[in-house]
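# Remarks on the overall topology
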Amino acid sequence: MEWRDEGIILGTRKHGETSAILEVMTRAHGRHLGLVRGGRSRKQQPVLQPGNRVDLLWRARLDEHLGTFQAEAIEMNAARLIDSAVAVYGLQTMAAHLRLLPERDAHGGLYETLGVMIAHLDDADAAGELVARFELLILEELGFGLDLSQCAATGSRDDLAYVSPKSGRAVSREAGAPWRDKMLALPAFLQRGSGLRADPAAIEDAFRLTGFFFVRHVYEPRAIEAPGARAGFLASLRKHYASHKVLTVEAATGERAV
């Protein structure tokens, strides 16, 4: 058995004295694992880092075997991402979400989206929006997609402000007003075609929204916990926004904030 494909590295783990088990998200073969002989060598280690895009050759005697990878670098993204805690935790969070999907199932759209994410993940001002949208895509791929296109009560596409925790459908501000304390907030930037950017409060609302449905439909039924990297990602984002706020105050007042 043999195939060649392009992949993005999600992680590695040691195998024996010199080899490594490589985990990649591929364009045509989904999330896939394979053994890289000599993967812990000085030559291979820089290539086999999370976030790097690689050309892969996979071989095995039978299709169900682990098989071996030969990997050659296409894009060395890891060195750029490693300096940003937001980027590192963001990539780890997306990798954890991809592990919720069956191994070796093709998800070409997710692969392309992951590539776009990695290109911008070290921009902390954009990373929150990107990862929140990625979580919506994962929920959809798992069969639990949210309908944020129109109001569940009236069919209106205007002034959508809430999401029903029961149905996962959007609700307009007017229709949801009587039950607003029981509704989940719908950040405007998540609505398709809005073209809006997210402030810190909207980012918090977005991850509260996706987190609610991950817990209900994925974590609790599978008896698993939310990935620790997700909490690390949100903490890194909050730290970034807090430092940015301090810098903004300093710029406005001309004084160093204490």
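Sequence order sets the numbering: in each chain, residues are counted from 1 along the sequence as written. Local features in this predicted model are restricted to residues whose pLDDT is 70 or higher, and side-chain atom pairs enter the listing and the counts only when it is 80 or higher, whereas totals over whole chains, interfaces and linings include all residues. Side-chain metrics rest on all non-hydrogen atoms present in the structure, leaving aside hydrogens and water.

Which entries qualify depends on this criterion: UniProt positions are given in the numbering used here, feature names are shortened, and annotations may be inferred rather than shown by experiment.
Taking an unreviewed UniProt entry as the reference, the protein chain is identified by name as DNA repair protein RecO belonging to Mesorhizobium shangrilense. UniProt annotates the protein chain under Function (unreviewed entry) with the comment "Involved in DNA repair and RecF pathway recombination."

## So, the environment of Gly-38
Heads up, the condition is: Helix numbering and strand numbering both begin at the N terminus, where a helix is a DSSP run of H or I of at least 4 residues and a strand a DSSP run of E of at least 2. We call two residues in contact whenever any of their non-hydrogen atoms come within 4.5 Å of each other.
Its place among the elements puts Gly-38 in the loop between β3 (30–36) and β4 (53–59). A C-alpha to C-alpha distance of 4.6 Å links Gly-38 and Ser-19, two positions 19 residues apart in sequence. Gly-38 has contacts with Thr-18, Ser-19 and Gln-44, leaving out every residue within four places of it along the chain.

## A short note on the pattern of salt bridges
Let me state the cut-off plainly: The salt bridge definition used is simple: a Lys or Arg side-chain nitrogen within 4 Å of an Asp or Glu carboxyl oxygen. Burial here depends on accessible area, computed with a 1.4 Å probe over protein chains only, as a share of the maximum for the residue type. Under 20% is buried, over 50% is exposed, and the range in between is partly exposed.
This model, assessed by the stated rule, comprises 17 salt bridges. Among the salt bridges present, the one from Arg-59 reaches Glu-2, with a minimum N-O distance of 2.9 Å. Of this pair, Arg-59 sits in strand β4 while Glu-2 sits in strand β1 (residues 2–15), placing them 57 residues apart in sequence. A residue is classified by how much of its surface remains accessible, and Arg-59, at 37% relative accessible area, is partly exposed.

## As for the UniProt feature "domain: DNA replication/recombination mediator RecO N-terminal" (unreviewed entry) in the protein chain
Sequence positions flagged by UniProt for "domain: DNA replication/recombination mediator RecO N-terminal" (unreviewed entry) are, in local numbering, residues 1–75. Taken end to end, residues 1–75 is 0% helix and 59% strand, and its first and last C-alpha atoms sit 27 Å apart.

## Let's talk about the confidence of the model for the protein chain
Just so we agree on the cut-off: Each residue carries a pLDDT score, the predictor's confidence in it, ranging from 0 to 100.
Summary statistics for the protein chain give a mean pLDDT of 92 and a share of 94% for residues scoring 70 or more. Averaged over each element, pLDDT in the protein chain is lowest for helix α7 (residues 228–253) (76) and highest for strand β8 (residues 184–185) (98).

## What about the packing of aromatic side chains?
Note the following rule: The aromatic pairing rule takes the rings of Phe, Tyr and Trp, using the six-membered ring of Trp, and pairs them if the centres are within 6.5 Å, calling planes under 30 degrees apart stacked, those over 60 edge-to-face and the rest tilted.
Taken as a whole and assessed by the stated rule, the structure comprises five aromatic pairs. Judged by centre distance (5.7 Å) and plane angle (15°), the rings of Phe-214 and Tyr-219 are stacked. Pair check on accessibility: Phe-214 and Tyr-219 agree, each one buried. Put simply, the rings of Trp-3, Trp-58 and Phe-69 touch in pairs and so form one group of aromatic residues.

## What to know about the sheet that holds strand β6 (residues 160–163)
Formally: In this description, strands pair whenever DSSP reports at least two bridges between them.
The strand order across the open sheet built from three strands is β7-β6-β8, with neighbouring strands paired in antiparallel fashion. Both edges of this open sheet fall to β7 (170–172) and β8, since each of them pairs with a single strand only. In the sheet, β6 pairs with β8 via two bridges, with the strands oriented antiparallel. Paired with Val-163 across the strands is Leu-184, a residue of β8.

## As for the packing of helix α2 (residues 85–98) against helix α3 (residues 108–120)
To keep things clear, this is the line we draw: In this analysis an axis means a line fitted to C-alpha atoms, helices contributing only their contacting stretch, and an angle means the value between N-to-C directions, from 0 to 180 degrees. An angle below 35 degrees is read as roughly parallel, one above 145 as roughly antiparallel, one from 65 to 115 as roughly perpendicular, and any other as oblique. For this classification, Asp, Glu, Lys and Arg are treated as charged, while Ala, Val, Leu, Ile, Met, Phe, Trp, Tyr, Cys and Pro are nonpolar and the rest, including Gly, are polar.
It is the contact of α2 with α3, at a shortest axis distance of 11 Å, that shows an interaxial angle of 170°. Viewed along their axes, α2 and α3 adopt a mutual orientation that is roughly antiparallel. Residues Leu-91, Met-94 and Leu-98 of α2 touch α3, and the partners they reach there are Leu-110, Leu-114, Met-117 and Ile-118. For the contact of α2 with α3, the residue count by class is seven nonpolar, no polar and no charged.

## A word on the nonpolar core
As a reminder, the rule being used: Nonpolar cores are built from buried Ala, Val, Leu, Ile, Met, Phe, Trp, Tyr and Cys residues. Side-chain atoms within 4.5 Å join them into one set.
Counting 58 residues, the largest nonpolar core has Leu-98 and Leu-190 as its most contacted members. When residues of this core are traced back to their parent elements, those giving at least two are β1, α2, α3, α4 (124–141), β6, β7, α6 (200–222) and α7. When residues no more than four places from it in sequence are discounted, the contact partners of Leu-190 are Ala-132, Arg-133, Leu-136, Leu-148, Ala-206 and Leu-209. Counting 13 residues, the second-largest nonpolar core is a separate cluster that includes Val-47, Val-54, Ala-60 and Ala-71.

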